[in-house]
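Examination of the molecular architecture
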Protein chains: 2
Amino acid sequence: MGGSGVGIGLVGLGTIGTGVVKVLRRNGAVIEQRLGFPLRLLRIADLDTGRDRGVDLSGMRFDSDAEALVDDPEVQIVIELIGGYDVARRLTLRAIERGKHVVTANKALLALHGKEIFDAAARRGVDVAFEASVGGGIPILRSMREGLAANRIQSLHGIMNGTTNYVLTEMERTGEAFEVVVKRAQELGYAEADPSFDLDGIDAAHKLTLLVAMAFGADLTFKDIPTEGIRGLTPLDFEAAARFGYRIKLLAIAKEHEDEGGAERIEARVHPTMIPAESLLAKVDGAMNAIAVHGDAVGPTLFYGAGAGELPTASAVVADLMEVAREIRRGSAGRVSPLSYLPEALTAKPLVPLGDLHGRCYLVFSAADRPGVLGQLASVLGEHQISIESVIQQRRDEASGSVPIVVLTHPARERAVREALARIDHMPEVTAPTRLIRIEEEL
Amino acid sequence: MGGSGVGIGLVGLGTIGTGVVKVLRRNGAVIEQRLGFPLRLLRIADLDTGRDRGVDLSGMRFDSDAEALVDDPEVQIVIELIGGYDVARRLTLRAIERGKHVVTANKALLALHGKEIFDAAARRGVDVAFEASVGGGIPILRSMREGLAANRIQSLHGIMNGTTNYVLTEMERTGEAFEVVVKRAQELGYAEADPSFDLDGIDAAHKLTLLVAMAFGADLTFKDIPTEGIRGLTPLDFEAAARFGYRIKLLAIAKEHEDEGGAERIEARVHPTMIPAESLLAKVDGAMNAIAVHGDAVGPTLFYGAGAGELPTASAVVADLMEVAREIRRGSAGRVSPLSYLPEALTAKPLVPLGDLHGRCYLVFSAADRPGVLGQLASVLGEHQISIESVIQQRRDEASGSVPIVVLTHPARERAVREALARIDHMPEVTAPTRLIRIEEEL
């Protein structure tokens, strides 16, 4: 063993940054037994240099000067853990310009500015590693990029946001309302003070943008991905799902479609989804994540682990440090394309509109409690070629005087369902917009 | 894109070899979009050159001369898919001597001769890649070696043999006897004509030998791993397991133990195991594999996929080809140690004796159908400090006149259980040796 090691600078000493320091300290010996040389965390920059993080920073320079850190000639790899867009982008690009390799957990940055950053890194001959940005400690990006690289990927189904999965699991377990569970999640540290990015599916869509590029070589614009969060869900939905043999998960879904002419289109979407209760994904509870990947050669696979948290995320950051350090030692930076496909092979591919989706739907109608209403709803659905598989008529809600009617449809085209719902929601007997949860049977 | 590509030779055109040809043909374009250059399968060697494998071999040289293939200066990577020990070993070492990189799926070879082969490869500066040897298409070795490399691995629990998992799943589903299910598995191609390696746990123990090295840096001797197959299981066991809330899986288990003095010992074993029916591993059915890995930073993870089969295994072989081809192009062979730890960091570590294990046990006693027998059994168990959690007394077996008594114990030391069973099996009322299935609660 031995050698002088590779010099590292860490920008952002928050939860994950602290975890990185802990892992490097605790597992330094094992890391060196695997690498043959040490990782040397030389300096740390954070605006808050006063707070005690309960971690030993002896032997490291710690100040608030991120730019000086990036410019420090001893620093060969910069870990960017400040999050957000602007400052992180500037700092990352500055590091790359200075010939530094970058390790980041910032999916938001890469989903929006990935092309600019990866292009700059390729020009400068440095690596940008970002395993921690998707699936926390799960080595899903490495697996997509290398482990499954011989496959045409056919589909992805991911539970990729721990906060929402925790909220959904708790709503199901307790029967409590969304707001109650979110509040408790905040108290327990499972949800941030402003949990919008998580609850509205934005975070999952950021991650999906990266996975879609790696899976299909598709250069999607993050904003084009249809994204729906979990705010509308009610205890009734979980009850009904259980009766129908489903569980509700916020899924990020992507599939490759080949049209008759051979043209490729990409299906990509984030929304609450009912999935068979017996599927492996349905068993992923609490803050855990899992990504099911289907490849044409490998068939179905699934990768499960902690999607967030101090040490799990640090596990991925340090794995990236080890890989980049090896590339530095061997002069092999850029060995693997960050998005799996060569930059020139990444192409814009059209998205499949949601209207083209075909599957069972779970619908909740709010209707006045009068005889014949169900018949009217069924007639409109029938006129749009949507047939009903099951109906659950709930007790009357005394406050509103209306009654929720839960319908499970046979597989139908989403465009037809939307057209039927537009008509139904204009009916005088209907007291609130109909809610729709998509059902995904094949995982 | 472009470049002249990397030249490959394939030895062994059986099921997996044919799959490799198919994947290279079918996904050549995607592979080149990821690599930037093509993989060129130049020649194939197999003793049987007559049989039609239903795959297009045009443009490849196909003969029975494996040594000429290995010696061919155009061949940079040799794929070894002949299996077995002696011929495979000689050929692999010959390839390495000639400066060829090797990709193999041969866990038996590596479990027994890994040290010799990896040492030779390191001296010669070539890579030996073997992702396909464990978990079929699941990128578990890459994940252990790189994705989870920042962790001290604490435990592994793997369903790593598709044949046995298929047999167990079918025995549970149908209630049929072992022999009946094995026969059907052979007819369906899920079990080989001589399925001993699978059914007796040898194949899983080969794989565990490799994983234990990668997880703990422990240089174990394959033959030292306590290994028990699934031949003894009966329909009664599956019924009883279900009543107790368990399922039965053939698990390969490994854990790191640190004694008070800081000395490390390794627990490693392969045997039928009862695991909680609600655990993710318990949901892994049929010929699928999964490996649960617990790391000190990442926490629990699980990797799931097809553990065998033509295309899933080929997926792993071709992923290895892609990686090795990149190392060739970048001159970075040997970048990552094949067993994750540097060779000099791999050390012999003592195995924890089975007697030291501590956990619940499932016991099946065969006793004469006489009053007081259960009391006698319970007394002996009690004298060895083993307390009983549940008992199921079955109907009398008219043929033998004896009655199976199923006992679930509270957690106990295995040494004590064995001592009690040795006494019990000498009791005149006991008509057959008591069977024991270990229970693993924490996965």
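Residue numbering note: each chain is counted from 1, following its sequence as written. By the order in which they are written, chains take letters starting at A while ligands take numbers starting at 1. Owing to the predicted nature of the model, reporting of local features is limited to residues with pLDDT of at least 70; listing and counting of side-chain atom pairs is limited to 80 or more, with chain, interface and lining totals taken over all residues.

1. Quick look at the overall build of chain A
The way it works is that DSSP assigns letters per residue, a run of H or I at least four long becomes a helix, a run of E at least two long becomes a strand, and they are numbered from the N terminus. Along chain A, the regular secondary structure elements total 14 helices and 17 strands. For this measure, only C-alpha atoms enter the radius of gyration; the expected value for a globule follows 2.2 Å times N^0.38, where N is the number of residues. Compactness check: chain A gives a C-alpha radius of gyration of 24 Å against a globular reference of 22 Å for 443 residues, within 12% of the reference. With the C-alpha coordinates aligned to their principal axes, the bounding extent of chain A is approximately 80 × 55 × 35 Å. Taken over 443 residues, chain A has a buried fraction of 53%. Backbone-placed C-beta atoms define the burial measure: a residue is buried with 20 or more other C-beta atoms within 10 Å of its own, exposed with 12 or fewer, and partly exposed in between.

2. Re the domain arrangement of chain A
These domain boundaries are the output of an automatic or database domain assignment. Each assigned domain of chain A is listed with its residue range as follows: domain 1 (6–137 + 311–345), domain 2 (140–306) and domain 3 (354–439). Taking only C-alpha atoms into account, the centre of domain 1 of chain A sits 50 Å from that of domain 3 of chain A.

3. A short note on the interface of chain B and chain A
Distance between backbone-placed C-beta atoms decides contact: two residues are in contact if it is within 7 Å. With 51 residues of chain B at the interface, the matching set in chain A holds 51 residues. Those elements that place two or more of their residues in the side of chain B that touches chain A are helix 2 (28–35), helix 6 (140–147), strand 11 (299–306) and helix 12 (310–330) of chain B. When grouped by side-chain class, the residues that make up the side of chain B that touches chain A number 26 nonpolar, 16 polar and nine charged. Taken together, the three bridges between strand 11 (residues 299–306) of chain A and strand 11 of chain B define a ladder with antiparallel strand orientation. What sits directly across from Phe303 of chain A, in strand 11 of chain B, is Phe303 of chain B. Under the scheme applied here, ten amino acids are nonpolar (Ala, Val, Leu, Ile, Met, Phe, Trp, Tyr, Cys and Pro), four are charged (Asp, Glu, Lys and Arg), and all others, including Gly, are polar. Only strands that DSSP links by at least two bridges are regarded as paired with each other.

4. Concerning the packing of helix 5 (residues 107–124) of chain A against helix 10 (residues 202–216) of chain A
Residues and elements named next belong to chain A. Under this scheme, a helix contributes an axis fitted over its contacting stretch, all axes are lines through C-alpha atoms, and angles between N-to-C directions fall in the 0 to 180 degree range. Where helix 5 contacts helix 10, the two axes come as close as 8 Å, and the packing angle between them is 55°. Our classification of the angle between helix 5 and helix 10 gives oblique. The hand of the helix 5/helix 10 crossing is left-handed. On helix 10, the residues that touch Lys107, Ala108, Leu110 and Ala111 of helix 5 are His206, Lys207, Thr209 and Leu210. Residues of the contact of helix 5 with helix 10, tallied by class, amount to four nonpolar, two polar and two charged. An angle below 35 degrees is treated as roughly parallel, one above 145 as roughly antiparallel, one from 65 to 115 as roughly perpendicular, and anything else as oblique. Helix crossings get a hand from a simple test, with the near helix turned counterclockwise from the far one by less than a right angle marking a left-handed crossing and a clockwise turn marking a right-handed one.

5. Quick look at the relation of the copies chain B and chain A
The operation linking the two copies of the chain is a rotation about an axis combined with a translation along the axis. A least-squares fit on C-alpha atoms brings the copies together, and the residues used are those whose pLDDT is at least 70 in both copies. Take chain B, turn it by 180°, move it 0.0 Å along the axis, and it overlays chain A with an RMSD of 0.1 Å. The symmetry that links the two subunits is that of a two-fold axis. Identified as the residue of chain B closest to the rotation axis by C-alpha distance is Phe303 of chain B, at 2.4 Å. A high fraction, 100%, of the interface residues of chain B reappear at the interface in chain A, so the copies pair face to face through one surface.

6. Some points on the packing of helix 7 (residues 162–174) of chain B against helix 8 (residues 178–188) of chain B
All names here are of chain B. At a minimum axis separation of 9 Å, helix 7 and helix 8 run at an interaxial angle of 125°. As the angle between them shows, helix 7 and helix 8 are arranged oblique. Considering the relative orientation of helix 7 and helix 8, their crossing is right-handed. Together, Thr163, Tyr166, Val167, Glu170 and Met171 of helix 7 and Phe178, Val181, Val182 and Ala185 of helix 8 make up the contact between the two elements. Considering only residue class, the contact of helix 7 with helix 8 consists of seven nonpolar, one polar and one charged.

7. With respect to the environment of Glu32 of chain A
All names here are of chain A. Counting through the fold element by element, Glu32 comes out in helix 2 (residues 28–35). Judged by local crowding, Glu32 falls into the partly exposed class, with 18 C-beta atoms found within 10 Å. Linking Glu32 and Ala105, residues 73 residues apart in sequence, is a C-alpha distance of 23 Å.

8. Here's the deal with the sheet that holds strand 2 (residues 39–45) of chain B
All names here are of chain B. Across the sheet, which stays open at both edges, the six strands sit in the order 3-2-1-4-5-6 with parallel pairing between neighbours. Every other strand in the sheet has two partners, leaving strand 3 (61–63) and strand 6 (128–129) as the edge strands with one partner each. Against the sheet, helix 1 (residues 15–26) contacts strand 1 (6–11), strand 2 and strand 4 (77–80), and its axis sits at roughly 155° relative to strand 2. Strands in contact with helix 12 are strand 1, strand 2, strand 4, strand 5 (101–104) and strand 6; relative to strand 5, the strand with the most contacts, it is inclined by about 165°.

9. Quick word on the sheet that holds strand 1 (residues 6–11) of chain A
Residues and elements named next belong to chain A. A sheet is described by the order of its strands in space; here six strands give the open sequence 3-2-1-4-5-6, paired in parallel fashion. Only two strands of the sheet have a single neighbouring strand rather than two, namely strand 3 (61–63) and strand 6 (128–129). Where strand 5 (residues 101–104) lies against strand 6, two bridges are found, and the strand directions are parallel. Its bridge partner lying in strand 6, Val102 is registered against Val128. Its contacts with the sheet place helix 12 (residues 310–330) against strand 1, strand 2 (39–45), strand 4 (77–80), strand 5 and strand 6, and it is angled at close to 165° to strand 5.

10. Brief notes about helix 12 of chain A
All names here are of chain A. With 21 residues, helix 12 extends 30 Å between its outermost C-alpha atoms, agreeing within 8% with the 30 Å of an ideal straight helix rising 1.5 Å per residue. Within helix 12, 17 of the 21 residues are buried, which leaves the element mostly enclosed by the surrounding structure. One or two residues past the end of helix 12 sits Gly331, with phi positive at roughly 65°. Here a helix's expected span is defined as the number of its residues, less one, multiplied by 1.5 Å.

11. Structural notes on unusual backbone geometry
One non-glycine residue, Ser340 of chain A, lies in positive phi territory at about 75°. By the secondary structure assignment, Ser340 of chain A is in the loop between helix 12 and strand 12 (358–359).

12. Points about the nonpolar core
Grouped together as the largest cluster of nonpolar side chains are 298 residues, with contacts concentrated most on Val212 and Val317 of chain A together with Val212 and Val317 of chain B. With residues near it in sequence (within four places) discarded, Val212 of chain B still touches Ala218, Leu220, Ala254, Ile266 and Ala268 of chain B. Linking buried Ala, Val, Leu, Ile, Met, Phe, Trp, Tyr and Cys residues through C-beta atoms within 7 Å yields a set, and such a set is a nonpolar core.

13. A word on helix 2 of chain B
Residues and elements named next belong to chain B. Residues of helix 2 that are buried: Val30, Ile31, Arg34 and Leu35. Along helix 2, the residues classed as buried sweep out an arc of 125° about the axis, all on the same side. Where the residues of helix 2 are buried, they touch strand 2 and helix 12. The positive-phi residue at the C-terminal boundary of helix 2 is Gly36, with phi of around 95°. Taken from the helix axis, the directions to the C-beta atoms give the arc we talk about.

14. Considering the pairing of strand 8 (residues 246–258) of chain B
All names here are of chain B. Judged by how many residues are buried, strand 8 sits mostly within the fold: eleven of 13 residues are covered. For strand 7 (residues 153–159) and strand 8, the ladder comprises four bridges, and the chain directions are antiparallel. In the strand pairing of strand 8, His157 is matched with Ile253. The pairing of strand 8 with strand 9 (residues 264–276) spans 13 bridges and is classified as antiparallel. Its bridge partner being in strand 9, Arg247 is matched across the sheet by Ile275. Between strand 8 and strand 9, which pair antiparallel in sequence order, lie five residues; one of them, Gly262, sits at a positive phi of approximately 95°.

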